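Remarks on the overall topology
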Amino acid sequence: MDPYYREGKNLNATDQVAIVCFTDPLCCWSWGLQPQLQRLVKEFPDLISIDYCMGGLIPDWTEFSDPLNSIHKPAQMGPMWMQASHLTGRNIDDLIWIEDPPSSSFPACIAVKTAQLQSQEAGSHMLLRLSEAVMENRKNIAKTEVIAEVAEDLANVQPALLDMDRFKKEYNGDLSRESFRQDLKKVKLNNIGRFPTLTINKGSETGIMITGYRPYEALLAAVKQVCPL
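Right, let's walk through the structure included here. Remember, it's a predicted structure, so these values are computed and weren't measured experimentally.

Within the protein chain, the regular secondary structure consists of nine helices and four strands. Traced from its N-terminal end to its C-terminal end, the protein chain shows the element sequence β-α-β-α-α-α-α-α-α-α-β-β-α. For 229 residues, the compact-globule estimate of 2.2 N^0.38 gives 17 Å, and the C-alpha radius of gyration of the protein chain, at 17 Å, lies within 12% of that figure. Counting only C-alpha atoms, the protein chain reaches 45 × 40 × 30 Å along its principal axes. Relative to all contacts within the protein chain whose residues are 6 or more apart in sequence, the contacts with residues 24 or more apart total 73%. When the accessible surface of the protein chain is split by element, carbon and sulfur atoms take 50% of a total near 10900 Å². The protein chain carries 23 positive and 29 negative side-chain charges, and their two centres are separated by 3 Å.

In structure tokens, the structure reads:
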């Protein structure tokens, strides 16, 4: 069972805590948050479901700007990745922003949505592997050939999870692009300005929203606010 995506099976929808993670394959803080999300679904396998919404962090470098962190060009992204690695304890190689900086996060977001056309679990695995490729292995996931390499590796390791022939046909096609557009609409509708952002809801009850990297205890406390454990 995928530790990064688990769909509750034994509870009614109104009893289940639904977490939507607004994220992006190029977001270092989202990468830092993944172990906490993994721990949540491991400890509460039937109570919590997690869905991933792609944020489109970097359309391209003519449109991207992060004044809060003084980031306006690729080389300025490195120091924040170093900080994220230090604070989260995750392996993050910031040299990608000097040696081969990704021009956009849109291609990787579309790759995740393409995998999601096959299943939510396939999408979560694709997100994990793309983030791992850029964060730990210094691979430029804005490049089509790198995305194909990551997808091929996933299909070889878990052929029942990802049909590579279908992925090739559907990548960057009408369905995958429209799925990504719908995610961008959700980001705008929910006024999401930074990643990761989590919305945590139980049934039709009013939920909560938390933004940024948080330790596990903070996530658990947030879950308990909407569903006392």
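The subject of this paragraph is the environment of Asp-51. Mapped onto the elements of the fold, Asp-51 is located in strand S2 (residues 48-54). Asp-51 sits 72 residues away from Gly-123 along the chain, and the two C-alpha atoms are 9.4 Å apart. Apart from residues no more than four positions distant in its own chain, Asp-51 is found in contact with Ile-19, Val-20, Cys-21, Gln-116 and Gln-120.

Residues Phe-195 and Pro-196 are joined by a peptide bond in cis, for which omega reads -5 degrees. Relative to the helices and strands, Pro-196 is located in the loop between helix H8 (174-189) and strand S3 (197-202). Backbone geometry places Asn-191, a non-glycine residue, at a positive phi of 55 degrees. Within the secondary structure, Asn-191 sits in the loop between H8 and S3. Overall, the relative accessible area of 67% leaves Asn-191 in the exposed class.

To continue, consider the environment of Thr-23. Structurally, the position occupied by Thr-23 is in strand S1 (residues 17-23). Sequence-wise, Thr-23 and Glu-178 are 155 residues apart; in three dimensions their C-alpha atoms are separated by 18 Å. Sequence-distant contacts of Thr-23, that is, excluding residues within four places in its chain, are made with Ser-30, Tyr-52, Cys-53, Met-54, Gly-55, Leu-127 and Phe-195.

Next up on the list: the packing of helix H5 (residues 120-135) against helix H6 (residues 144-157). At a minimum axis distance of 10 Å, the contact between H5 and H6 shows a crossing angle of 125 degrees. The angle between H5 and H6 falls in the class oblique. Helix-helix and strand crossings are classified by hand; for H5 and H6 the assignment is right-handed. Contacts from Ala-122, His-125, Met-126, Arg-129, Leu-130 and Ala-133 of H5 reach H6 at Ile-147, Val-150, Ala-151, Asp-153, Leu-154 and Val-157. Split by residue class, the contact of H5 with H6 holds nine nonpolar, one polar and two charged.

Under the counting rule described, the total for this entry stands at eleven salt bridges. As a salt-bridge pair, Asp-66 and Arg-194 come within 3.3 Å of each other at their nearest N and O atoms. Residue Asp-66 is located in the loop between S2 and helix H2 (77-88), and its partner Arg-194 is located in the loop between H8 and S3; the two are separated by 128 residues in the primary sequence. When its relative accessible area of 8% is taken as the criterion, Asp-66 is described as buried. Owing to a relative accessible area of 36%, Arg-194 belongs among the partly exposed residues under this scheme. One salt bridge connects Glu-170 with Arg-166, and the closest N-O pair in it is separated by 3.1 Å. Remark: Arg-166 and Glu-170 occur in helix H7 (residues 164-170); sequence separation between them is four residues, near one turn of the helix. In this structure Glu-170 comes out as buried when scored by relative accessible area, which is 19%.

Rules of the game
- Residues numbered from 1 in each chain as written.
- Predicted model: local features only at pLDDT ≥ 70, side-chain atom pairs only at ≥ 80, totals over all residues.
- Heavy atoms only, no water.
- Helix = DSSP H or I, 4+ residues; strand = E, 2+ residues; numbered from the N terminus.
- Rg over C-alpha atoms; globule rule 2.2 N^0.38 Å.
- Contact = heavy atoms within 4.5 Å.
- Areas by Shrake-Rupley, 256 points an atom, 1.4 Å probe, with all protein chains shown as cover.
- Lys, Arg positive; Asp, Glu negative; His and termini not counted.
- Charge placed at Lys NZ, Arg CZ, Asp CG, Glu CD.
- Buried < 20%, exposed > 50% of the residue type's maximum accessible area, 1.4 Å probe, protein only.
- Axes fitted to C-alpha atoms, helices over the stretch in contact; angles between N-to-C directions.
- Parallel < 35°, antiparallel > 145°, perpendicular 65-115°, else oblique.
- Left-handed = near helix turned anticlockwise from the far one by under 90°.
- Nonpolar A, V, L, I, M, F, W, Y, C, P; charged D, E, K, R; others polar.
- Salt bridge = Lys/Arg side-chain N within 4 Å of Asp/Glu carboxyl O.

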